[in-house]
Amino acid sequence: MSNAADGCILAIFGASGDLTRRKLLPAVYNLIEWGHLPDRFAILGVARPVIDDAAYRTQMRERVADIESEALEPEKWRRIEERLHYIAGEFNDAALYARLAEALDALQRRHGIPPNVLFYFAIPPDLFGTVARQLADAGLTEETGGWRRVIVEKPFGYDLESARSLNAELAAGLQESQIYRIDHYLGKETVQNILAFRFANSIFEPIWNRRYVDHVQMTVAEEAGVEGRGAYYDKAGALRDMVQNHMFQLLTLVAMEPPISFRAEDVRNEKVKVLHAVQPFDEADVRRDVVRAQYEGYTREPNVASTSRTETLTAMRLMIDSWRWAGVPFYLRTGKRMRRRWTEIAVQFKTAPYILFRETPVECTNPNVLALRIQPDEGISLSFDAKVPGPLERLATVTMKFGYAEYFKEEPSTGYETLLFDAMTGDQTLFHRMDIVEAGWHVVDPILRAWQRDTSSTLSAYTPGSDGPVDADRLLERDGRRWRN
């Protein structure tokens, strides 16, 4: 693989928004630092505010400088700034796309860029179809002499029906091979490393199954609340916002079978099989195996309904009907306003037989746990029992740890660098395919419908800064297990 992406123009719709200044431009800056950005490259921002190139460059320089943990290197930022351009207009106005076509053509000639364009939809989902249709009508999605690709931000649909409707809008002007449905979680190093960890190390694959694994826990905990996103979050909730996309993608990487290659389609073929194998939920399953809760004070947040029943935390127990995972429960938990920011996948292995130690002071043997830490400190740890020094046969649990920052001396990144680079090189491995999106909705739609019909039960409440409600603890306790906190 080349160290640099294809020469192209990155055209960002919604270029004046928070995503552009906090994630996308810092990611481009990091790609320059890492030597992965092509020399023949330009950025064209598209948004509603009427400003010129100079004003836009000043705004972005100031905002990216605020985001970066250290001062911008003048030479590296200059490479961005001198190729950073802007046009204004309404996204439903055909005249904007005529001017966009002219601007793209002019930039290609000025900077010697091949006719490759990566369109980034950093806009609300209800505009995805509008912009895709306008691009197609203007001939801007036609791949004549170069490629045209579109990155679509989440949420991709509100349920299965809306996801299918949205895809139909995109498919009217784009091929599936042109659509890159992004999930920034898949840009995190530890997430990308799951496949390498599993399939490049022969010691793990033989024990990565129902014979040796007792259960798997996945936690995505956030300290923050809705933080000004009340209008969006109150319609979405934790199940739609986190489980259907982020957590299910982690689930597929942990549970998938070995692909025949690491080509995008081979990997995604195995991922979708995992979601198809999840046991479907009926109403009894939802009552028993799914917890929804709300942190105290949520209904007093700005733009949140005072009678809201939207969940800010959900936990669930699900099973995967496959030869590898039959009988192994997967516990998923995600919530806002929890005790700490923490994302982890923990594979707990079955406990060794106690019979060897029954004539010794050892009270029990502890299970081995392989923990993949996604954030905040990316790394991997493995716990196991060892004998405590001394004449008695006593055991203590010890942990081996590997940290990305410590070992690789990596610099902080946004998580978007790899995803932007992959889109520029045409690698769709870390992006959602439509059937994967639909398979995820197939799992959660019955839960959403059950919750919609249930208008009388009381939502579990939990104290901000805690590890969640008692009901989430009971989900594991009834199986003789407990959450890792």
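Heads up: the structure comes first, above all this text.
Residues numbered from 1 in each chain as written. Predicted model: local features only at pLDDT ≥ 70, side-chain atom pairs only at ≥ 80, totals over all residues. Heavy atoms only, no water.

**Q** I keep staring at the sheet that holds strand E5 (residues 148-152) and nothing clicks. Help me out?
**A** Strand pairing in a sheet is mediated by backbone hydrogen bonds. Such pairs are either parallel or antiparallel. Sheet architecture is open: 6 strands sit in the order E3-E2-E1-E4-E5-E6, paired in parallel fashion. One side of each edge strand has no neighbouring strand; the edge strands of this open sheet are strand E3 (84-88) and strand E6 (179-181). When the angles between neighbouring strand axes are averaged without regard to direction, this sheet yields 20°. The pairing of strand E1 (residues 8-13) with strand E4 (residues 117-121) spans 5 bridges and is parallel. When the bridges of E4 are listed, Phe 13 appears paired with Phe 121. (Pairing = 2+ DSSP bridges. Helix = DSSP H or I, 4+ residues; strand = E, 2+ residues; numbered from the N terminus. Axes fitted to C-alpha atoms, helices over the stretch in contact; angles between N-to-C directions.)

**Q** Would you take a moment to explain the packing of aromatic side chains for this structure?
**A** Aromatic rings in a pair are described by how distant their centres are and how their planes are angled relative to each other. Evaluation of the coordinates by the stated rule reveals 13 aromatic pairs. Ring centres 5.7 Å apart and planes at 70° place the aromatic pair Phe 13 and Phe 91 in the edge-to-face group. Of the two residues, Phe 13 is situated in strand E1 and Phe 91 in the loop between E3 and helix H4 (94-111); the sequence distance between them amounts to 78 residues. The residues Phe 13 and Phe 91 share a single accessibility class, namely buried. With centroids separated by 6.4 Å and ring planes inclined at 70°, the aromatic side chains of Tyr 233 and Tyr 298 adopt a geometry described as edge-to-face. Linking Tyr 233 in helix H8 (residues 230-255) with Tyr 298 in the loop between strand E8 (290-295) and strand E9 (313-319), this pair joins segments that are 65 residues apart in sequence. According to the relative accessible area criterion, Tyr 298 is buried, its value standing at 0%. The rings of Phe 13, Phe 91, Tyr 97, Phe 119, Phe 121 and Phe 128 are connected pair by pair, giving a single aromatic cluster. One cation-aromatic arrangement involves Arg 181 over Phe 156; the distance from NZ or CZ to the ring centre is 4.9 Å. (Phe/Tyr/Trp six-rings, centres within 6.5 Å; stacked < 30°, edge-to-face > 60°. Buried < 20%, exposed > 50% of the residue type's maximum accessible area, 1.4 Å probe, protein only. Lys NZ or Arg CZ within 6 Å of the ring centre and 35° of its normal.)

**Q** Which parts of the structure should I look at to understand H4?
**A** The end-to-end C-alpha distance of H4 is 26 Å, a good match for the 26 Å that 18 residues give at a rise of 1.5 Å each. Along H4, the residues that are buried comprise Leu 96, Tyr 97, Leu 100, Ala 103, Leu 104, Leu 107, Gln 108 and His 111. Axial view of H4: buried residues confined to an arc of 135°, hence all on one face. Facing away from the buried side of H4 by more than 90 degrees, the exposed set consists of Ala 94, Glu 102, Arg 109 and Arg 110. Those residues of H4 that are buried are in contact with E1, strand E2 (41-47), E3, E4, helix H5 (128-137) and E5. Two or three places before Ala 95, at the start of H4, stands the capping residue Asp 93, its side-chain oxygen 3.0 Å from that residue's backbone nitrogen. (Expected span 1.5 Å × (residues − 1). Arc of directions from axis to C-beta. Contact = heavy atoms within 4.5 Å. Polar contact = N/O pair within 3.5 Å; in protein donor to acceptor, adjacent residues only side chain to side chain.)

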